[in-house]
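# Notes for the structure review
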Amino acid sequence: MARRRKYEFRPDKTGPGLLSRLYLTKLQRLALLKWVLYGLLVLFAALLQDVIFSRLRLFGAATDLVPCVILTVCVLECSEGGCVFTLAASCVYQFSGSAPGYHVIVLLTFLGVGATVFRQAFLRKGFSATLVCVVPSLLAYEILVFAVGLYSGRTIWPRIGGFLVTWLLTCLAAPAVYPAAKAISRIGGETWKE
(Lines give C-alpha, C1' and ligand atoms only; values in the text may rest on other atoms or scores of the structure.)
Protein backbone atom coordinates (compact mmCIF):
# COMPACT_ATOMS: atom_id res chain seq x y z
CA MET A 1 0.00 0.00 0.00
CA ALA A 2 1.10 3.45 -0.80
CA ARG A 3 1.28 5.94 1.93
CA ARG A 4 -1.02 8.92 1.77
CA ARG A 5 0.71 12.20 1.42
CA LYS A 6 -0.15 15.32 3.39
CA TYR A 7 -1.01 17.38 0.34
CA GLU A 8 -3.50 14.93 -1.03
CA PHE A 9 -7.08 16.10 -1.69
CA ARG A 10 -9.31 16.09 1.33
CA PRO A 11 -13.04 16.74 1.15
CA ASP A 12 -14.44 19.82 2.89
CA LYS A 13 -15.88 19.37 6.31
CA THR A 14 -19.63 19.32 6.30
CA GLY A 15 -21.29 21.48 8.86
CA PRO A 16 -23.21 24.65 9.31
CA GLY A 17 -22.76 27.24 6.58
CA LEU A 18 -21.99 30.92 6.75
CA LEU A 19 -25.59 31.84 7.51
CA SER A 20 -25.36 30.11 10.86
CA ARG A 21 -22.62 32.58 11.81
CA LEU A 22 -24.75 35.54 10.83
CA TYR A 23 -26.59 36.64 13.93
CA LEU A 24 -29.11 39.42 13.77
CA THR A 25 -30.78 40.76 16.86
CA LYS A 26 -34.51 41.33 16.91
CA LEU A 27 -34.04 45.08 16.49
CA GLN A 28 -31.74 44.55 13.48
CA ARG A 29 -34.26 42.18 11.88
CA LEU A 30 -37.04 44.73 12.38
CA ALA A 31 -34.89 47.51 10.90
CA LEU A 32 -34.11 45.30 7.90
CA LEU A 33 -37.81 44.53 7.49
CA LYS A 34 -38.65 48.25 7.65
CA TRP A 35 -36.21 49.19 4.88
CA VAL A 36 -37.30 46.28 2.70
CA LEU A 37 -40.93 47.36 3.10
CA TYR A 38 -39.98 50.93 2.18
CA GLY A 39 -38.32 49.60 -0.96
CA LEU A 40 -41.42 47.59 -1.81
CA LEU A 41 -43.55 50.70 -1.27
CA VAL A 42 -41.44 52.60 -3.81
CA LEU A 43 -41.70 49.71 -6.27
CA PHE A 44 -45.47 49.57 -5.77
CA ALA A 45 -45.69 53.34 -6.36
CA ALA A 46 -43.64 52.96 -9.56
CA LEU A 47 -45.95 50.19 -10.70
CA LEU A 48 -49.06 52.29 -9.99
CA GLN A 49 -47.54 55.32 -11.69
CA ASP A 50 -46.45 53.47 -14.84
CA VAL A 51 -49.48 51.23 -15.29
CA ILE A 52 -52.47 53.19 -14.00
CA PHE A 53 -51.68 56.86 -13.39
CA SER A 54 -49.78 57.34 -16.66
CA ARG A 55 -53.04 56.59 -18.52
CA LEU A 56 -55.16 58.95 -16.41
CA ARG A 57 -54.26 62.41 -17.65
CA LEU A 58 -55.67 65.77 -16.71
CA PHE A 59 -54.68 68.63 -19.06
CA GLY A 60 -51.83 66.46 -20.33
CA ALA A 61 -50.40 65.84 -16.86
CA ALA A 62 -50.27 62.72 -14.69
CA THR A 63 -49.49 62.07 -11.03
CA ASP A 64 -45.80 61.82 -10.13
CA LEU A 65 -46.20 59.27 -7.35
CA VAL A 66 -42.65 57.90 -6.95
CA PRO A 67 -41.01 61.21 -5.94
CA CYS A 68 -43.89 61.74 -3.51
CA VAL A 69 -43.25 58.39 -1.83
CA ILE A 70 -39.47 58.91 -1.75
CA LEU A 71 -39.75 62.37 -0.19
CA THR A 72 -42.39 61.24 2.31
CA VAL A 73 -40.20 58.38 3.52
CA CYS A 74 -37.21 60.70 3.77
CA VAL A 75 -39.12 63.24 5.88
CA LEU A 76 -40.54 60.53 8.15
CA GLU A 77 -37.15 58.97 8.86
CA CYS A 78 -34.12 60.57 10.48
CA SER A 79 -31.83 62.64 8.28
CA GLU A 80 -29.12 59.97 8.02
CA GLY A 81 -31.19 56.90 7.20
CA GLY A 82 -33.84 58.72 5.23
CA CYS A 83 -31.35 60.49 3.00
CA VAL A 84 -29.43 57.31 2.25
CA PHE A 85 -32.74 55.70 1.35
CA THR A 86 -33.61 58.69 -0.85
CA LEU A 87 -30.31 58.36 -2.72
CA ALA A 88 -30.78 54.62 -3.25
CA ALA A 89 -34.47 54.91 -4.18
CA SER A 90 -33.84 57.76 -6.62
CA CYS A 91 -31.13 55.66 -8.29
CA VAL A 92 -33.58 52.78 -8.63
CA TYR A 93 -36.20 55.23 -9.94
CA GLN A 94 -33.78 56.55 -12.56
CA PHE A 95 -32.56 53.15 -13.69
CA SER A 96 -36.12 51.80 -13.88
CA GLY A 97 -36.61 53.97 -16.93
CA SER A 98 -39.58 56.01 -15.74
CA ALA A 99 -37.65 59.01 -14.39
CA PRO A 100 -37.21 62.08 -16.59
CA GLY A 101 -33.40 61.98 -16.43
CA TYR A 102 -30.27 61.45 -14.38
CA HIS A 103 -30.75 64.81 -12.67
CA VAL A 104 -33.57 63.19 -10.65
CA ILE A 105 -30.99 61.45 -8.44
CA VAL A 106 -29.44 64.75 -7.37
CA LEU A 107 -32.74 66.63 -7.15
CA LEU A 108 -34.54 64.10 -4.96
CA THR A 109 -31.53 63.59 -2.70
CA PHE A 110 -30.95 67.29 -2.04
CA LEU A 111 -34.65 68.12 -1.72
CA GLY A 112 -35.08 65.18 0.67
CA VAL A 113 -32.12 66.33 2.78
CA GLY A 114 -33.45 69.89 2.90
CA ALA A 115 -36.99 68.86 3.79
CA THR A 116 -35.82 66.43 6.49
CA VAL A 117 -33.42 68.90 8.10
CA PHE A 118 -36.13 71.60 8.08
CA ARG A 119 -38.65 69.24 9.68
CA GLN A 120 -36.22 68.10 12.35
CA ALA A 121 -35.14 71.65 13.14
CA PHE A 122 -38.50 73.39 13.28
CA LEU A 123 -41.41 70.94 13.30
CA ARG A 124 -42.59 67.95 15.29
CA LYS A 125 -43.27 64.65 13.58
CA GLY A 126 -46.84 64.39 12.35
CA PHE A 127 -49.14 64.43 9.36
CA SER A 128 -49.27 68.19 8.89
CA ALA A 129 -45.52 68.65 9.43
CA THR A 130 -44.78 65.96 6.85
CA LEU A 131 -47.09 67.58 4.30
CA VAL A 132 -45.63 71.04 5.05
CA CYS A 133 -42.22 69.66 4.08
CA VAL A 134 -43.21 67.33 1.22
CA VAL A 135 -45.54 69.65 -0.74
CA PRO A 136 -42.98 72.49 -1.27
CA SER A 137 -40.30 69.89 -2.03
CA LEU A 138 -42.54 68.43 -4.72
CA LEU A 139 -43.11 71.90 -6.16
CA ALA A 140 -39.35 72.55 -6.23
CA TYR A 141 -38.84 69.13 -7.82
CA GLU A 142 -41.36 69.79 -10.60
CA ILE A 143 -39.99 73.28 -11.29
CA LEU A 144 -36.40 72.04 -11.37
CA VAL A 145 -37.32 69.13 -13.65
CA PHE A 146 -39.04 71.65 -15.92
CA ALA A 147 -35.97 73.93 -15.83
CA VAL A 148 -33.62 71.08 -16.73
CA GLY A 149 -35.99 70.02 -19.53
CA LEU A 150 -36.14 73.60 -20.77
CA TYR A 151 -32.35 73.94 -20.67
CA SER A 152 -31.80 70.64 -22.50
CA GLY A 153 -34.47 71.40 -25.11
CA ARG A 154 -36.85 68.60 -24.10
CA THR A 155 -39.72 70.94 -23.30
CA ILE A 156 -40.95 74.45 -24.07
CA TRP A 157 -42.25 77.34 -21.93
CA PRO A 158 -45.97 76.75 -22.55
CA ARG A 159 -45.65 73.30 -20.87
CA ILE A 160 -45.15 74.92 -17.44
CA GLY A 161 -48.89 74.52 -16.82
CA GLY A 162 -48.59 70.74 -17.26
CA PHE A 163 -45.84 70.62 -14.64
CA LEU A 164 -47.94 72.63 -12.20
CA VAL A 165 -50.95 70.35 -12.79
CA THR A 166 -48.65 67.37 -12.16
CA TRP A 167 -47.64 68.99 -8.87
CA LEU A 168 -51.27 69.55 -7.87
CA LEU A 169 -52.22 65.94 -8.69
CA THR A 170 -49.23 64.67 -6.74
CA CYS A 171 -50.18 66.88 -3.77
CA LEU A 172 -53.62 65.30 -3.82
CA ALA A 173 -51.97 61.85 -3.68
CA ALA A 174 -49.60 62.79 -0.82
CA PRO A 175 -52.19 62.32 1.99
CA ALA A 176 -52.83 58.80 0.68
CA VAL A 177 -49.11 57.97 0.74
CA TYR A 178 -48.59 59.15 4.32
CA PRO A 179 -50.52 56.38 6.20
CA ALA A 180 -48.65 53.58 4.43
CA ALA A 181 -45.26 55.19 5.01
CA LYS A 182 -46.14 56.02 8.64
CA ALA A 183 -47.22 52.43 9.33
CA ILE A 184 -43.90 51.15 8.00
CA SER A 185 -41.92 53.76 9.98
CA ARG A 186 -43.37 52.41 13.24
CA ILE A 187 -41.75 49.00 12.73
CA GLY A 188 -38.98 48.47 15.25
CA GLY A 189 -39.95 51.41 17.44
CA GLU A 190 -38.62 54.93 17.26
CA THR A 191 -34.96 55.55 17.98
CA TRP A 192 -35.49 59.19 18.83
CA LYS A 193 -38.40 60.68 20.70
CA GLU A 194 -39.18 64.24 19.68
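The following paragraphs examine the structure supplied in this document. (Residues numbered from 1 in each chain as written. Predicted model: local features only at pLDDT ≥ 70, side-chain atom pairs only at ≥ 80, totals over all residues. Heavy atoms only, no water.)

All right, on to the overall build of the chain then. Of regular secondary structure, the chain possesses six helices and zero strands. Traced from its N-terminal end to its C-terminal end, the chain shows the element sequence α-α-α-α-α-α. Intrachain contacts of the chain at a sequence separation of at least 6 include 69% that bridge at least 24 residues. Entry remark: accessible area of the chain is about 12,400 Å², with carbon and sulfur atoms responsible for 68%. (Helix = DSSP H or I, 4+ residues; strand = E, 2+ residues; numbered from the N terminus. Contact = heavy atoms within 4.5 Å. Areas by Shrake-Rupley, 256 points an atom, 1.4 Å probe, with all protein chains shown as cover.)

Let's shift gears to the packing of aromatic side chains. Throughout the structure, instances matching the rule amount to eight aromatic pairs. On the numbers, 5.3 Å between centres and 55° between planes, the contact of Trp-35 with Tyr-38 is tilted. Of the two residues, Trp-35 and Tyr-38 both sit in helix α1 (residues 26-53), three residues apart, roughly one turn of that helix. With relative accessibility at 0%, the residue Tyr-38 sits in the buried group. Considering the side-chain rings of Phe-127 and Tyr-178, the 5.1 Å spacing of their centres and the 75° angle between planes classify their relative orientation as edge-to-face. With Phe-127 in helix α5 (residues 127-152) and Tyr-178 in helix α6 (residues 160-185), the pair connects residues that are 51 residues apart, well separated along the chain. Following the ring pairs from residue to residue traces out a cluster consisting of Trp-35, Tyr-38 and Phe-85. (Phe/Tyr/Trp six-rings, centres within 6.5 Å; stacked < 30°, edge-to-face > 60°. Buried < 20%, exposed > 50% of the residue type's maximum accessible area, 1.4 Å probe, protein only.)

Let us now look at the pattern of salt bridges. Per the stated rule, a full pass over the model turns up one salt bridge. Here Lys-34 ties to Glu-77 by a salt bridge, and the two come within 3.4 Å at their closest N and O atoms. A residue pair is termed long-range when its members are at least 10 positions apart, and Lys-34 in helix α1 and Glu-77 in the loop between α2 (65-76) and α3 (79-95) qualify at 43 residues. What makes Glu-77 buried here is its relative accessible area of 8%. (Salt bridge = Lys/Arg side-chain N within 4 Å of Asp/Glu carboxyl O.)

Bringing the packing of α2 against helix α4 (residues 103-122) into the picture now. In the contact formed by α2 and α4, the axes pass within 8 Å of each other and the chain directions differ by 35°. The two elements α2 and α4 cross, and the hand of that crossing is right-handed. Counted together, Pro-67, Ile-70, Leu-71, Cys-74 and Val-75 of α2 and Leu-108, Leu-111, Gly-112, Val-113, Ala-115, Thr-116 and Arg-119 of α4 form the full contact between these two elements. Counted by class, the contact of α2 with α4 contains nine nonpolar, two polar and one charged residues. (Axes fitted to C-alpha atoms, helices over the stretch in contact; angles between N-to-C directions. Left-handed = near helix turned anticlockwise from the far one by under 90°. Nonpolar A, V, L, I, M, F, W, Y, C, P; charged D, E, K, R; others polar.)

This brings us to the environment of Leu-76. By secondary structure assignment, the location of Leu-76 is in helix α2. Excluding residues within four positions of it along the chain, Leu-76 makes contact with Lys-125, Thr-130, Tyr-178, Ala-181 and Lys-182.

On to the side chain of Gln-49. When you line up the elements, Gln-49 lands in helix α1. A distance of 3.4 Å separates polar atoms of two side chains, one belonging to Gln-49 and the other to Asp-64. What Gln-49 contacts, discounting residues up to four positions off in sequence, is Ser-54, Thr-63, Asp-64, Leu-65, Val-66, Pro-67 and Tyr-93. (Polar contact = N/O pair within 3.5 Å; in protein donor to acceptor, adjacent residues only side chain to side chain.)

This brings us to α2. Look at α2: 17 Å from first C-alpha to last across 12 residues, which is about the 16 Å you get at 1.5 Å a residue. Burial runs high along α2: 12 of the 12 residues are buried. Within α2, the full set of buried residues consists of Leu-65, Val-66, Pro-67, Cys-68, Val-69, Ile-70, Leu-71, Thr-72, Val-73, Cys-74, Val-75 and Leu-76. At its buried positions, α2 is contacted by α1, α3, α4, α5 and α6. (Expected span 1.5 Å × (residues − 1).)

Grouped burial of nonpolar side chains is what soluble globular proteins tend to show. Core analysis: the biggest nonpolar cluster contains 39 residues, and Val-42, Val-66, Val-69, Ile-70, Tyr-93, Leu-108 and Tyr-141 have the highest contact counts within it. At the level of secondary structure, the elements contributing two or more residues to this core comprise α1, α2, α3, α4, α5 and α6. With residues up to four places along the chain from it excluded, the contact list for Tyr-93 reads Gln-49, Asp-64, Val-66, Pro-67, Ile-70, Ser-98, Ala-99, Pro-100, Val-104, Leu-108 and Tyr-141. (Core = buried A, V, L, I, M, F, W, Y, C linked by side-chain atoms within 4.5 Å.)

Let's shift gears to a nonpolar patch on the surface. Taken together, the side chains of Leu-22, Leu-24, Leu-32, Val-36, Leu-40, Leu-43 and Val-92 present a nonpolar region at the surface, about 620 Å² in accessible area. A total of four residues in the nonpolar patch trace back to one element, the largest contributor, which is α1. Secondary-structure assignment places Leu-22 in the segment before α1. (Patch = residues over 30% accessible without salt bridge, like charges linked within 9 Å, V, L, I, M, F, W, Y side chains within 5 Å.)

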